[in-house]
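# Architecture at a glance
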Amino acid sequence: MADDEELIRTGFRLILTSRGIDVVGEAADGMAAVTEAERLHPDVLLMDIRMPHLDGLQAAKRVLGLLPNCRVLMLTTFDLDHYVYAALAAGASGFLLKDVTAAHLAAAVRLVNTGDALLAPSITRRLIERYATTHSAVRADTAHSPAAAAAAARTPANHRDLAPLTPRELEVLALMGRGLSNTELAAALTLSESTVKTHVARIFAKLALRDRAQAVVLAYETGLITPADLTAD
């Protein structure tokens, strides 16, 4: 874990170790986090955003460049939108505020370790609204600007086109975009959880997605679902 406050690191270490999660190393700044991650090869890295020498976002990018199989879970006291988007762009698999409960923190570490992604519900809602608004603006620009249209044409097809997905996979992606877990997906679609996991894995493979965080973004960027869909839920 990486955090410039020793008290925070101590508290998190006690929480995690008491729940059977090994804490293999600690770092007090972003540069040390990169060094320790490269040395220790952790499964999950808890990363604070605001740290000296190198902030958590830049440190996360470097770690994931060195260790693509490492899962990064961002922690911060600052519930600000631009941190969320920057963390996702850096490749983070989760984003939590530091006021989460001890049980939630441990569950989040276990969740991202399985290859899943986690965002707090309030963060997911704003993420949805932000990307839906951005996507609408891009479409408007494309309609009126040849340069924008050319840029859109250069965008990899798997980030614009959901055609490779079957109707069932589209349904699964739409529900993932609303923030449903595999268990909730199984209940909503009356499927076994193993079948849902197969659908999710195929969606990731067909669309070249890293995890659920990217799936949520894509569902809204492509217009598969909108903020109105979330409000209706």
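We now turn to the structure provided with this report. Note that the structure is a prediction, hence the values are computed from the model and not measured.

Moving on, we come to the overall build of the protein chain. What the protein chain contains, in helices and strands, is 12 helices and four strands. Taken across its 233 residues, the protein chain has 43% of its residues classed as buried. A separation of at least 24 residues holds for 63% of the contacts in the protein chain among residues at least 6 apart in sequence. As presented, the protein chain carries roughly 11400 Å² of accessible surface, and 55% of it is formed by carbon and sulfur atoms.

All right, on to helix 8 (residues 167-177) then. By the burial criterion, the buried members of helix 8 are Glu-169, Val-172, Leu-173, Ala-174, Leu-175, Met-176 and Gly-177. Looking one or two places after helix 8, you find Gly-179, whose phi comes out positive at around 95°.

Time to look at the nonpolar core. Of all hydrophobic cores here, the largest spans 30 residues; its most connected members are Met-47, Val-63, Val-72, Met-74 and Phe-95. Every element with two or more residues in this core is listed here: helix 2 (30-40), strand 1 (44-48), helix 3 (56-66), strand 2 (71-76), helix 4 (81-89), strand 3 (94-97) and helix 11 (212-221). The contact partners of Met-47, leaving out residues within four places of it in the chain, are Ala-2, Ala-33, Gly-56, Ala-59, Ala-60, Val-72, Leu-73, Met-74 and Leu-75. Counting residues in hydrophobic clusters, the runner-up holds 22 residues, among them Leu-162, Leu-209, Tyr-220 and Ile-225.

Glancing now at the side chain of Ser-93. Within the secondary structure, Ser-93 sits in the loop between helix 4 and strand 3. Among the polar contacts listed, one links the side chain of Ser-93 to the side chain of Arg-71, at a separation of 3.2 Å.

The N-to-C vectors of helix 8 and helix 10 (residues 193-207) enclose an angle of 95°; their axes lie 10 Å apart at closest approach. In terms of orientation, helix 8 and helix 10 fall into the roughly perpendicular class. Facing Arg-168, Glu-169, Val-172, Leu-173 and Met-176 of helix 8, the residues of helix 10 in contact are His-199, Val-200, Arg-202, Ile-203, Phe-204, Lys-206 and Leu-207. Here the contact of helix 8 with helix 10 is composed, by residue class, of seven nonpolar, one polar and four charged.

In regular strands, side chains alternate between the two faces of the sheet. By the criterion of burial, strand 1 is predominantly enclosed, with five of the five residues buried. Examined bridge by bridge, strand 1 and strand 2 share five bridges and lie parallel to one another. Opposite Val-44, over in strand 2, you have Arg-71 as the bridge partner. In this fold, strand 1 hands off to helix 3, which returns the chain to strand 2; that crossover is right-handed.

Calculation rules
Residues numbered from 1 in each chain as written. Predicted model: local features only at pLDDT ≥ 70, side-chain atom pairs only at ≥ 80, totals over all residues. Heavy atoms only, no water. Helix = DSSP H or I, 4+ residues; strand = E, 2+ residues; numbered from the N terminus. Buried < 20%, exposed > 50% of the residue type's maximum accessible area, 1.4 Å probe, protein only. Contact = heavy atoms within 4.5 Å. Areas by Shrake-Rupley, 256 points an atom, 1.4 Å probe, with all protein chains shown as cover. Core = buried A, V, L, I, M, F, W, Y, C linked by side-chain atoms within 4.5 Å. Polar contact = N/O pair within 3.5 Å; in protein donor to acceptor, adjacent residues only side chain to side chain. Axes fitted to C-alpha atoms, helices over the stretch in contact; angles between N-to-C directions. Parallel < 35°, antiparallel > 145°, perpendicular 65-115°, else oblique. Nonpolar A, V, L, I, M, F, W, Y, C, P; charged D, E, K, R; others polar. Pairing = 2+ DSSP bridges. Right-handed = clockwise from strand over helix to strand, strands pointing away.

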